[in-house]
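Next come the chains, spelled out residue by residue.
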Amino acid sequence: MALRYETIPVTPFEQNATLLWCDRTLRAAIVDAGGDAQKLLARVKANGVTVEKLLLTHGHIDHAGATAELAKTLGVPVEGPQEAERFWLDQLPQQGKMFGFAHSDPLTPDRWLAGGDSVTVGDETLAVIHCPGHTPGHVVFYSAAAGLLIAGDVLFAGSIGRTDFPMGNHEALIAAIRGKLFALPDETRVLPGHGPETTIGEERRFNPFVADPRFG
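Residues numbered from 1 in each chain as written. Predicted model: local features only at pLDDT ≥ 70, side-chain atom pairs only at ≥ 80, totals over all residues. Heavy atoms only, no water.

As named in an unreviewed UniProt entry, the protein is MBL fold metallo-hydrolase, taken from Crenobacter caeni. UniProt, in its Cofactor (unreviewed entry) section for the protein, records the words "Zn(2+)". (UniProt positions renumbered as here; feature names shortened; annotations may be inferred.)

Glancing now at the pattern of salt bridges. Under the definition given, this model contains 10 salt bridges. Its salt-bridge partner being Glu 6, residue Arg 43 comes within 2.8 Å of it at the nearest N-O pair. With Arg 43 in helix H1 (residues 37–47) and Glu 6 in strand E1 (residues 3–10), the pair connects residues that are 37 residues apart, well separated along the chain. According to the relative accessible area criterion, Arg 43 is partly exposed, its value standing at 31%. We note a salt bridge from Arg 204 to Asp 186, for which the minimum N-O separation is 2.5 Å. Highlighted residues: Arg 204 in helix H7 (residues 200–206) and Asp 186 in the loop between helix H6 (170–179) and strand E12 (189–192), separated in sequence by 18 residues. Looking at Arg 204, the relative accessible area reads 10%, which means it is buried. A single salt-bridge network, built from bridges that share partners, covers Lys 53, Glu 79 and Arg 111. (Salt bridge = Lys/Arg side-chain N within 4 Å of Asp/Glu carboxyl O. Helix = DSSP H or I, 4+ residues; strand = E, 2+ residues; numbered from the N terminus. Buried < 20%, exposed > 50% of the residue type's maximum accessible area, 1.4 Å probe, protein only.)

In the numbering used here, UniProt assigns the "domain: Metallo-beta-lactamase" (unreviewed entry) feature to residues 14–194. This span, residues 14–194, is 25% helix and 28% strand, and a straight line between its end C-alpha atoms measures 6 Å.

Another point: unusual backbone geometry. Each neighbour pair has its own omega, and for Gly 80 with Pro 81 the value is 0 degrees, a cis peptide bond. Residue placement: Pro 81 occurs in the loop between strand E5 (78–79) and helix H4 (86–89). A positive phi is found at Glu 14, a non-glycine position, where the angle reads about 50 degrees. Within the secondary structure, Glu 14 sits in the loop between E1 and strand E2 (15–22). A relative accessible area of 48% places Glu 14 in the partly exposed class. Positive phi is not limited to glycine here, since Asp 36 has a value of about 55 degrees. Tracing the backbone shows Asp 36 in the loop between strand E3 (27–31) and H1.

This part covers the environment of Gly 201. Structurally, Gly 201 is set in helix H7. Spatially, the C-alpha atoms of Gly 201 and Ala 211 are 9.6 Å apart, while their sequence positions differ by 10 residues.

Turning our eyes to something else, we now look at the nonpolar core. Of all hydrophobic cores here, the largest spans 28 residues; its most connected members are Leu 19, Ile 30, Leu 40, Val 51, Leu 54, Leu 70 and Leu 89. Sorting elements by how many residues they give to this core places H1 first, with four residues. Leaving out residues up to four positions away in the same chain, Leu 54 has contacts with Ile 30, Thr 67, Leu 70, Ala 71, Val 76, Pro 77, Val 78 and Glu 79. (Core = buried A, V, L, I, M, F, W, Y, C linked by side-chain atoms within 4.5 Å. Contact = heavy atoms within 4.5 Å.)

And the structure:
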């Protein structure tokens with residue numbers, strides 16, 4: 001039994017939606033369905049999996065824009081983010097207008113998540129880690145068994161999330177990365193919300209924003 005994934009860039013922002021599935025049950029989740037719903041559904045069909053839920057790291061339009069549409073189409077629940085993200089999810093229509101995205105209604109998930117919670121995908125379990133800073137209710141999903149972190153817009157290859165949006169907090173973001181994400185094993189694969197994959201060890205050593213000076 002193993003956790004499989006496919007990264008699917010969506011929206012003009014090239015946001016990395018993730019199709020996650022359990023290879024024993026072929027039950028799946030889409031993480032951060034930000035747009036291009038038909039593209040996401042085509043990849044679900046191509047992989048022969050059944051989506052049982054939608055997961056959200058945070059409420060920015062490029063991560064959440066197609067979530068309500070897919071939840072209705074597929075008849076599945078939405079889990080995440082943390083409840084402080086209500087600020088952004090309530091403003092999805094305004095965000096869409098601001099950035100030229102298709103209309104998205106305000107969204108209230110079926111389940112708000114908190115740090116220390118867990119979510120399931122088929123027979124696989126992922127831990128929920130609350131990582132505020134980019135947005136106040138941002139969460140990430142970590143599978144210890146798969147050595148996999150879905151990081152949203154917290155940590156990128158060689159960079160970190162922006163904090164110049166409303167309710168952003170640079171100090172909180174740095175603290176979350178160093179205190180929570182850098183506690184994970186170095187070999188953990190990181191799937192960021194934009195750009196290429198990386199590892200915790202790579203970012204701990206070389207990321208200019210958060211590198212640990214002990215590895216300099």
